[in-house]
Structure formats: C-alpha cells, structure tokens
Amino acid sequence: MSDRLPDRLFPQRYADTSATIEGQWPADGSVRLPELVEKLSGIELELRFERKASGQVVIDGELKAELQLICQGCLRDVAWSLSAPLRLAVCRSDEDFATIPAGYEPLEVDEDGAIDTRQFVEDEVIVRLPGVPAHTDITQCDADMLRRSQEFDANMQADEAGERKQNPFSVLKDI
C-alpha cells in the first residue's frame, strides 16, 4: 500500500460507486501527532464506502500504524502497533445523527460533503492511543529507570503517609 490518500475525501461520491480506497497518510503530513508520539511511520488506511438501503452513507475499513511512544514506567521508547477497525456513518445534520446504524460511529462532513483527511486520520489515531503507554512486559523496561521510578513512588508514598499522621491543626495549639 504505497498510494498517498487524497487531502479531502468525499464519502457520498465514493458510496455512489461502492468505492474502496486504500492508501497511506505520511508521517510528515501530521500536525498534532508529533506532539503525542516519539516516532510515527506512515499510517495505512483501507476505506470501503457504501450507501445503505436507508440512504445512510457508511464507511467500513481498517487503520494501521507503527508508533514509538514513551513508556511511563521507564521513560524509554516502546514500539506500539495500531490495527483498528473503522465503522463510521457519515452525518451532515442533527437528523443524520439520529439515524446512525447500530455499531457505527458518527463522522461529520463539512458543507461540501467532504472530510479533511489529515484531521480524520489524526483523530482516529489519537482516540486509539493508550492513556498510559507502557511496555507490555515489565522486563522490557530499562531496569535502572524502573528502579528509580519505583524508589520515587515509594518515597512519595512515605512522605504522604508522614503528612497524614501529623495533625494539620497542631500548629494552632501553640497560639
């Protein structure tokens, strides 16, 4: 899959011909993702457009990407593979939102009936990023950084426990 996706997608037009679009969105085409990931390879998309009997335009497909995130346990790089199904229903108005088929998420198009591909791709990746990136196996973490992190956590817990034992009003007894 080496074809670059167009900058704008027109779901209604593609649905009229039951089109399938496959392509890649390059890492350098992203604006928000570089702030959230250490390294990003190109993002691959496969999108199948269809018009349901009700007239609703839907998109089924898959998004794939290879990312480098920062492990929150050891603060080192962790490779993370993203492979996510897409089930989207195109919406232009509030009425469309009410008729979304079961199992589909809404996807709003602009006044021209188009989707900004960069924004769409970034949104889909961002909602799938883990809240706390970490190595799946703790033995993959950098041992020295992990030890320091655990010591820091233990010291913080000890400090908090010590503060809780002190009566916050004890300073008033001397007044």
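Residues numbered from 1 in each chain as written. Predicted model: local features only at pLDDT ≥ 70, side-chain atom pairs only at ≥ 80, totals over all residues. Heavy atoms only, no water.

Caption draft 1: Inspection of unusual backbone geometry at higher detail. Unusually for a residue other than glycine, S18 sits at a positive phi of about 50 degrees. Structurally, S18 is set in the loop between α1 (11-16) and β2 (20-25). Although it is not a glycine, L75 sits at a positive phi angle of roughly 60 degrees. Along the chain, the position of L75 falls in the loop between β5 (57-70) and β6 (77-91). (Helix = DSSP H or I, 4+ residues; strand = E, 2+ residues; numbered from the N terminus.)

Caption draft 2: Here's a closer look at the pattern of salt bridges. Inspection of the entire model under this criterion finds eleven salt bridges. Between R87 and D60 there is a salt bridge, with its nearest N and O atoms 3.2 Å apart. On the criterion of sequence distance, the pair formed by R87 in strand β6 and D60 in strand β5 is long-range, its members being 27 residues apart. One network of salt bridges, in which partners are shared, links R32, R118, E122 and D123. (Salt bridge = Lys/Arg side-chain N within 4 Å of Asp/Glu carboxyl O.)

Caption draft 3: Up close: the packing of aromatic side chains. One pass over the full model with this rule turns up one aromatic pair. Seen in terms of ring centroids, Y14 and F49 are 4.9 Å apart; in terms of plane orientation they differ by 50 degrees. Their pairing is tilted. On the criterion of sequence distance, the pair formed by Y14 in helix α1 and F49 in strand β4 (residues 43-51) is long-range, its members being 35 residues apart. F49 carries the same exposure label as Y14, and that label is buried. (Phe/Tyr/Trp six-rings, centres within 6.5 Å; stacked < 30°, edge-to-face > 60°. Buried < 20%, exposed > 50% of the residue type's maximum accessible area, 1.4 Å probe, protein only.)

Caption draft 4: Spotlight on the layout of surface pockets. What the largest pocket holds in volume is close to 210 Å³. Around the largest pocket, the lining residues are L107, E108, V109, D110, A114, I115, D116, Q119, F120, D123, E124 and V127. Going through the elements one at a time, β7 (105-108), β8 (115-116) and α3 (117-126) are the ones with two or more residues in the lining of the largest pocket. At four residues, the largest contribution of residues to the lining of the largest pocket is made by α3. The residue inventory of the lining of the largest pocket, partitioned by class, reads six nonpolar, one polar and five charged. (1 Å grid on protein atoms, 1.4 Å probe; cavity = no way out; pocket = protein on both sides within 12 Å on 5 of 7 lines; lining within 4 Å. Points joined across faces, edges and corners; volume = space filled by probe spheres on them. Nonpolar A, V, L, I, M, F, W, Y, C, P; charged D, E, K, R; others polar.)

Caption draft 5: How the structure looks around the nonpolar core. Within the largest apolar cluster, 36 residues are counted, with the highest numbers of intra-cluster contacts made by I43, L45, L47, I59, L67, F120 and V125. Mapped by element, the contributors of at least two residues to this core are α1, β2, β4, β5, β6 and α3. For I43, the residues in contact, after removing those within four places along its chain, are G23, Q24, W25, L33, L63, K64, A65, V121 and V125. (Core = buried A, V, L, I, M, F, W, Y, C linked by side-chain atoms within 4.5 Å. Contact = heavy atoms within 4.5 Å.)

Caption draft 6: How the structure looks around the pairing of β2. A one-sided burial pattern is seen for β2, the buried positions being I21, G23 and W25 and the unburied ones T20, E22 and Q24. In this sheet, β4 lies alongside β2 in antiparallel orientation, the contact comprising six bridges. Of the residues in β4, the one forming a bridge with I21 is L47. (Pairing = 2+ DSSP bridges.)

Caption draft 7: Structural view of α3. Three or more residues of α3 are buried, namely T117, F120, V121, E122, E124 and V125. Where α3 begins, one side-chain oxygen reaches toward the backbone nitrogen of R118, 3.2 Å away; that side chain belongs to D116. (Polar contact = N/O pair within 3.5 Å; in protein donor to acceptor, adjacent residues only side chain to side chain.)

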